[in-house]
Amino acid sequence: MRVEVNHLVRRFQRTLAVDDVSFTLEPGCLFGFVGPNGAGKTTTIRIMAALDEATSGDVCYDGVSVSDYPDEVRRVVGYMPDTLPENADLRVWEYLDFFARAFQLRGARRRRTLGEIEEFVGIGPLREKFLNQLSKGMKQRVALARALLHNPSVLILDEPAAGLDPRARLELRDLLKVLATQRKTIFLSSHILSELQDMCDGAVIIERGRILSAGTFSALAEGRTRDPEQGGRIRLTLLRDPDPVLKFALEQPQVRGGRRIGANQLQLEFRGGDAECAALMVALFQSGAPITEFRRQEFGLEELFMSMTGGK
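Overview of the structure. Bear in mind that the values here come from a model prediction, so they are computed numbers and not experimental data.

**Focus on the pairing of strand β8 (residues 185–189)**
And then number 1: The buried count for β8 comes to five of five residues, which makes it a mostly enclosed element.
And then number 2: Here strand β3 (residues 30–34) runs beside β8; their pairing, made up of four bridges, is parallel. Paired with L30 across the strands is I186, a residue of β8.
And then number 3: Strand direction decides the pairing type here: strand β7 (residues 154–158) and β8, joined by five bridges, are parallel. Within β8, the residue paired with I156 across the bridge is F187.
And then number 4: For the segment spanning β7, helix α6 (residues 166–181) and β8, crossover handedness is right-handed.

Rendered as structure tokens:
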């Protein structure tokens, strides 16, 4: 399902939380939503999930407007909040059963759907536990199960990996990858940029309520490296002491910075594109540097985020 966010604006009295936000998610993509705290991510996500109303602008799902037809949008969108209720008197199966009934699932169909979802997200053994007895990782699994109950075409997830231990993060990542293979459009916000890089096709980067950039990772990186002041990163592994090589590298016009990162490794920041990278490689080898590995690293999401945002 195609998602179009068109000139979205949201004001809270004098605060402009979302400022003319526009981007498009193609069917079956898995995109991250990245920005500093207070950038407008949660507000945008709540409007997309028909949980809040925009001051102006709109979100359309295959042409269906969230402003005009919020109930229709809720039938095709699965929303996963960043927290789960701390109910001491509500069991996991009761919580999911309530939402299944709200989505008009009845009788044998409801029981079958609950069983399938519980098995898929791995919460079958937890179904009799109370919500306040669950670990953070298990709560996230229950929240994901709730979002999947009505088999939505679009999943919108607000910080799904927040507070999870490394194992739970890996398990959540695997679940999302499986869902992506089912042609679901997935949009998730996260502060864990390295994990977004691993699981997503691209990202939307926002700061102070405005979109800075949006697209696949390759398109985002290409847009940065076209700037001659942007280049990339090179990692060198050497046979012996790297300090003389570092001194030589810092004297080269293509190199704008560098540091030692291990007993025999250097990390160099260079400006330019392929030609400048090749010239640097030639210069290093002609200097007699005992290089055993020369590896160019393009901009990853962390580098893109830091280069695009001002942190204000």
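**Some remarks on the state of the cysteines**
And then number 1: Under the definition given, this model contains zero disulfides.
And then number 2: No disulfide involves C200; its nearest neighbouring cysteine sulfur is the one of C29, lying 9.0 Å away.

**Considerations on the environment of R295**
And then number 1: Within the secondary structure layout, R295 lies in strand β14 (residues 291–297).
And then number 2: A residue is classified by how much of its surface remains accessible, and R295, at 37% relative accessible area, is partly exposed.
And then number 3: Once you skip the residues sitting within four places of it in the chain, R295 turns out to touch R233, I234 and R235.

**Focus on the pairing of strand β9 (residues 202–207)**
Looking along a regular strand, one sees the side chains alternate between the two faces of the sheet.
And then number 1: Of all six residues in β9, six are buried; the element is thus mostly enclosed.
And then number 2: Residues G202, V204 and I206 line one face of β9 and the alternating positions A203, I205 and E207 line the opposite face, and both faces are buried.
And then number 3: Two elements, β3 and β9, share four bridges in a ladder whose sense is parallel. What sits directly across from V34, in β9, is I205.
And then number 4: Where β9 meets strand β10 (residues 210–216), six bridges bridge the pair, whose relative direction is antiparallel. When the sheet's bridge partners are listed, G202 is paired in β10 with T216.
And then number 5: Where β9 folds back onto β10 in an antiparallel hairpin, the turn is made up of two residues, including R208, whose phi is positive at roughly 50°.

**Digging into the pattern of salt bridges**
And then number 1: Under the definition given, this model contains 16 salt bridges.
And then number 2: Across the pair R10 and D52 runs a salt bridge whose closest N-O atoms are separated by 3.2 Å. Of this pair, R10 sits in strand β1 (residues 3–12) while D52 is found in the loop between α1 (41–48) and β4 (56–61), placing the two residues 42 residues apart along the sequence.
And then number 3: D52 gets classed as partly exposed once you look at its relative accessible area, which sits at 21%.
And then number 4: Across the pair D19 and R210 runs a salt bridge, and its minimum N-O distance is 3.0 Å.

**Description of helix α5 (residues 136–148)**
And then number 1: Between the first and last C-alpha of α5 there are 19 Å, a value that for 13 residues agrees with the 18 Å anticipated at 1.5 Å per step.
And then number 2: Of all 13 residues that make up α5, 11 are buried, and the element is covered over most of its length.
And then number 3: Inspection of α5 places G137, K139, Q140, R141, V142, A143, L144, A145, R146, A147 and L148 among the buried residues, and these make up the whole buried set.
And then number 4: Contacts made by the buried residues of α5 are with β6 (77–80), α3 (92–102), α4 (107–121), β7 and α6.

Rules and cut-offs
- Residues numbered from 1 in each chain as written.
- Predicted model: local features only at pLDDT ≥ 70, side-chain atom pairs only at ≥ 80, totals over all residues.
- Heavy atoms only, no water.
- Buried < 20%, exposed > 50% of the residue type's maximum accessible area, 1.4 Å probe, protein only.
- Helix = DSSP H or I, 4+ residues; strand = E, 2+ residues; numbered from the N terminus.
- Pairing = 2+ DSSP bridges.
- Right-handed = clockwise from strand over helix to strand, strands pointing away.
- Disulfide = S-S within 2.5 Å.
- Contact = heavy atoms within 4.5 Å.
- Salt bridge = Lys/Arg side-chain N within 4 Å of Asp/Glu carboxyl O.
- Expected span 1.5 Å × (residues − 1).

These results come straight from atomic positions and should not be treated as a statement about function.
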